[in-house]
Amino acid sequence: MTDRPTPDLVRVTTHPAIDDDHVVERYLTGMLSTDEEEAFETHSLACDRCLDELEADERFRSAFAGILGHLRPEPASATASATASSLASEAAPDVAATSPGDDAAVSVGDTAISVDDSAPTGVEPPQSTQNLASPAPRRAARDRPSQSWALAAVAVLAVAAALLLQRQNARLLERLGQLEAPRAAPPWVRLQPLRSTAPESAARLHLEESTPWALITLEAEPPLASGYACRLSREGAASTLWEGSLAPDLWAGLTVLVPADDLVPGLYALRCRPEISASGSEISDAETVVRFEVVE
Amino acid sequence: MRSTSDPSRELTRIARRIVAGDSTAEAALAERSQRGLGYLLRRIVGDPALADDLVQETLRVALEALRADSVRDLDRVDAYLRGVARNLARNEMRRRRRHGLHEPLEDTAPLRDHTPDPLSRTLAAEDRRAVWRLLGDLRTERDREVLVRHYLHGDDASTVCAELGLRPSAFYVVLHRARKRFRALIERAEPAPAPRTVEDAS
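These numbers come from a predicted model, not from an experiment.

Caption draft 1: Expanded view of the overall build of chain A. In terms of regular secondary structure, chain A is built from 7 helices and 12 strands. Sorting the 296 residues of chain A into buried and exposed places 35% on the buried side. Put simply, of all contacts in chain A between residues at least 6 apart along the chain, 75% involve residues at least 24 apart.

Caption draft 2: A look at the overall build of chain B. Along its length, chain B carries 9 helices and 0 strands. Going from N to C terminus, chain B has its helices and strands arranged as α-α-α-α-α-α-α-α-α. Put simply, chain B has 202 residues, and 32% of those count as buried. Here the contacts in chain B between residues at least 6 apart in sequence split such that 56% fall between residues at least 24 apart.

Caption draft 3: Fine view of the confidence of the model for chain A. When pLDDT is averaged along chain A, the result is 65, and 51% of the positions lie at 70 or above. For chain A, per-element mean pLDDT is lowest for strand 2 (residues 95-97) of chain A, which scores 32, and highest for helix 4 (residues 34-44) of chain A, which scores 92.

Caption draft 4: The confidence of the model for chain B, seen in detail. Residue and element names in this part refer to chain B. With 81% of its residues at a pLDDT of 70 or more, chain B shows a mean pLDDT of 81. Counted against residues more than four places away or in other chains, residues 104-112, with its pLDDT under 50, gives 3 contacts. With pLDDT under 50 throughout, residues 192-202 is counted as low confidence; its partners more than four residues away or in other chains account for 19 contacts. Model confidence for the complex: the whole-complex pTM is 0.52, and ipTM, which rates the interface, is 0.81.

Caption draft 5: Looking closely at the nonpolar core. Counting 37 residues, the largest nonpolar core has A:Val24, B:Ala15, B:Leu37, B:Leu41, B:Leu54, B:Leu81 and B:Ala85 as the members making the most contacts within it. Those elements that place two or more of their residues in this core are helix 3 (23-28), helix 4 and helix 5 (48-71) of chain A together with helix 1 (7-19), helix 2 (24-45), helix 3 (48-67) and helix 4 (77-99) of chain B. Here this core takes 8 residues from helix 4 of chain B, the largest share from any one element. Sequence-distant contacts of B:Leu41, that is, excluding residues within four places in its chain, are made with B:Ala51, B:Leu54, B:Val55, B:Ala85 and B:Ala89. Within the second largest apolar cluster, 25 residues are counted, among which are A:Leu246, A:Leu254, A:Val256 and A:Leu263.

How each quantity is defined
- Residues numbered from 1 in each chain as written.
- Chains lettered and ligands numbered in written order.
- Predicted model: local features only at pLDDT ≥ 70, side-chain atom pairs only at ≥ 80, totals over all residues.
- Helix = DSSP H or I, 4+ residues; strand = E, 2+ residues; numbered from the N terminus.
- Buried ≥ 20, exposed ≤ 12 C-beta atoms within 10 Å, placed from the backbone.
- Contact = placed C-beta atoms within 7 Å.
- pLDDT = per-residue confidence, 0-100.
- Core = buried A, V, L, I, M, F, W, Y, C linked by C-beta atoms within 7 Å.

See the structure below:
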């Protein structure tokens, strides 16, 4: 006798009921009963359709976490955080400070800021703030009695942090808009192979704070190959910024579009090695290295 | 390989072939189940490398049991695989807690390179860009707040629904639409591992 799912579990193990009843979402948010969860996990073990959804959620979640990591400032003695709604908030902050215990928390409009009491007295305001960050610690703050001289210092910090947050939020909003909007004359550095490797011979790329992308083009030398293995890295840094294959365009250009955030000021090298001959003849294994400097 | 047939029945057919001594079916079992086992185990243990090891261990245990014809109900071999995977994961987590371990016990365990390879880094960057674009595309602030609170803050469904005054079905629709849009964005970006070129940008 087979032990197939009972009728009430059929809806979590068959399509299109899975889609109609939002079973994937309910599974991912822990809203299935134990029996339903077991039945769905068993079904999805070899169901490509469900696995596509589940793995997409996994990547989505990971990408969100990656964004947070991207925005997270270096550990500082004070940190600030904002909810997503504060992204759009331009309202003047209404500051409500509550008291410290091990730490203190302040809510500024939709923004919550926590300050570590154990930090040295000369606590610096956050150098950089983050959006889309951790949940607001308001509840903990409400639970603690208001006291302590540190409250005044916290309130001052809160105002400073709120102003920083607003500025940061405005920049992020602007950047969000730039991702989709057409942009004329984007930052572009066109590189030609140079014999000298001295930093002073490197091309310079000016990046403004509001610039979302930068174009980097290397003019490949004849004889042209149809494909090049290229690597973009920051000189003196261990990690590679980007690595992949490029095909030359009609003007023999090998072009990479790089997020400006990834280009901190410094000296960079683009290394390209021919990997596929256009004519089928033997190709040179000589690597072309060009350098450019990113300046603010 | 993608299959449109009933995945449970397909696994059962493969299992019966293994029991009957068809050794070629063993590779088919691995092919049909390791993706799902990998997802399930990553969800349980959180560590992709450990999940990979547990997938292999699950398949080893299952194949030995099938060869010995000791799986009680071949019609539910998918449930059997799930059970083995969950048990192995639970045992491993318990063992790690007991020993305060974050890495495998075995001295002979090969050193792993935890640095993401260039392709993974590029894909991860592409995924981040897709999320940015998606957040920018959302029609309402409420949808953005739902995603951020759920995916970033880790707020559960009931909390988000209660605080935003949403019905659960509306909450699920937001998640579903966002994931669909995200998939469309990353599928458009793949398989090219490179950042967008001039042609794409223009």
